[in-house]
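Results of the structural survey
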Amino acid sequence: MKQDSLFLTGVERHFDVDEIIVSKTDLKGRITYANDVFLRVAGYHERDILGQPHSIIRHPDMPRCVFSLLWQTIEAGREIFAYVINRCSNGDHYWVLANVTPTFGPQGKIIGYHSNRRVPRRDAIEKVIPLYAALCKEEAKERNRKDGMARGTAMVGKLLGEAGIDYDQFVFTL
């Protein structure tokens, strides 16, 4: 099912605190592995998700600028933590605290990416929801998606600069 054709149900799905959602992608973000928890929570069969872009689970309430920051970080060979809202195959959604890391091959080059997602603290999500809504609103001020993402990125940079912290520090202060 094409991601853009999905509707939103407003129903939040949950998974257990002792479970970890795991996926791996190639360098272009195409899914090469998804564990059973990922498949169950996102509502996909393995045959339908492998080879698909990880953005298949992108929720429209997730600011593009956060994904841009994520990609810049992992492509530079560093890990990142981020709160993410994902969309399920049926339009439900679920929140995660994601830890995304590059996977290095024997020659030390990045050969893919690995993501572990845990159940986030609810109080942190309640702080993230209005921030992400403001970032999405800022991004929507531009007709061009890249220009919108640049606006959102500038807004994140300003907030972090005013707080005197980097993104990872921000995530862990929530």
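Everything below is about the structure shown above.
Summarised in this report is the structure supplied together with it. Because the structure is predicted, anything quoted here is derived from the model rather than measured.

Re the overall build of the chain
When you go through the chain residue by residue, the secondary structure sums to six helices and five strands. Going from the N terminus to the C terminus, the chain shows its helices and strands as β-β-α-α-α-β-β-β-α-α-α. Scaling as 2.2 N^0.38, a compact globule of 174 residues should have a C-alpha radius of gyration of about 16 Å, and the chain matches this with 16 Å. The dimensions of the chain, computed from C-alpha atoms along their principal axes, are 45 × 45 × 35 Å. Surface accessibility of the chain: about 9700 Å² in total, with carbon and sulfur atoms responsible for 54%. Averaged over its 24 positive side-chain charges, the chain has a centre that lies 5 Å from the centre of its 22 negative ones.

Considering the packing of helix H3 (residues 64-75) against helix H5 (residues 145-163)
One can describe the packing of H3 onto H5 by two numbers: an axis separation of 8 Å at closest approach and a directional angle of 80°. If you check the angle between H3 and H5, you find them roughly perpendicular. Judged by residue contacts, Arg64, Cys65 and Ser68 of H3 engage Arg145, Met149, Gly152, Thr153 and Val156 from H5. Residues of the contact of H3 with H5, tallied by class, amount to three nonpolar, three polar and two charged.

Here's the deal with H5
Between the first and last C-alpha of H5 there are 27 Å, a value that for 19 residues agrees with the 27 Å anticipated at 1.5 Å per step. Here the buried face of H5 lies against H3, helix H4 (122-139) and helix H6 (167-173). Backbone nitrogen of Lys146 and a side-chain oxygen of the N-cap are separated by 2.7 Å at the start of H5; the cap is Asn144. Of the residues trailing H5, Gly164 is marked for its positive phi of about 70°.

Concerning the pattern of salt bridges
Evaluated as defined, the whole model comprises 10 salt bridges. The partner of Asp123 in a salt bridge is Arg121, with the nearest N and O atoms 3.1 Å apart. Taking the shortest distance from any N to any O, the salt bridge between Arg151 and Glu138 comes out at 3.0 Å. Separated by 13 residues along the polypeptide, Arg151 in helix H5 and Glu138 in helix H4 bring together distant segments of the chain. A residue is classified by how much of its surface remains accessible, and Arg151, at 30% relative accessible area, is partly exposed. Exposure remark for Glu138: the relative accessible area of 16% places this residue in the buried category.

Here we look at the pairing of strand E1 (residues 21-25)
It is a general feature of regular strands that their side chains alternate between the two faces of the sheet. Taking burial as the measure, the five residues of E1 include four buried ones, the bulk of the element. For E1 and strand E5 (residues 110-118), the ladder comprises five bridges, and the chain directions are antiparallel. Bridge assignment links Lys24 to a residue of E5, and that residue is His114. As defined by bridge partners, E1 adjoins strand E2 (residues 31-34) across three bridges and the pair is classed as antiparallel. Following the sheet pairing, Ser23 is matched in E2 by Ala34. Connecting the antiparallel pair E1 and E2 is a turn made up of five residues, with Gly29 showing a positive phi of about 85°.

What to know about the packing of H3 against H4
In contact at an axis separation of 8 Å, H3 and H4 are set at 95° when each is read in the N-to-C sense. In terms of axis orientation, H3 runs roughly perpendicular to H4. Of the residues in H4, those touching H3 at Arg64, Cys65 and Val66 are Tyr132, Leu135 and Glu139. The class makeup of the residues in the contact of H3 with H4 is four nonpolar, no polar and two charged.

Thresholds, definitions, all that
- Residues numbered from 1 in each chain as written.
- Predicted model: local features only at pLDDT ≥ 70, side-chain atom pairs only at ≥ 80, totals over all residues.
- Heavy atoms only, no water.
- Helix = DSSP H or I, 4+ residues; strand = E, 2+ residues; numbered from the N terminus.
- Rg over C-alpha atoms; globule rule 2.2 N^0.38 Å.
- Areas by Shrake-Rupley, 256 points an atom, 1.4 Å probe, with all protein chains shown as cover.
- Lys, Arg positive; Asp, Glu negative; His and termini not counted.
- Charge placed at Lys NZ, Arg CZ, Asp CG, Glu CD.
- Axes fitted to C-alpha atoms, helices over the stretch in contact; angles between N-to-C directions.
- Parallel < 35°, antiparallel > 145°, perpendicular 65-115°, else oblique.
- Contact = heavy atoms within 4.5 Å.
- Nonpolar A, V, L, I, M, F, W, Y, C, P; charged D, E, K, R; others polar.
- Expected span 1.5 Å × (residues − 1).
- Polar contact = N/O pair within 3.5 Å; in protein donor to acceptor, adjacent residues only side chain to side chain.
- Salt bridge = Lys/Arg side-chain N within 4 Å of Asp/Glu carboxyl O.
- Buried < 20%, exposed > 50% of the residue type's maximum accessible area, 1.4 Å probe, protein only.
- Pairing = 2+ DSSP bridges.

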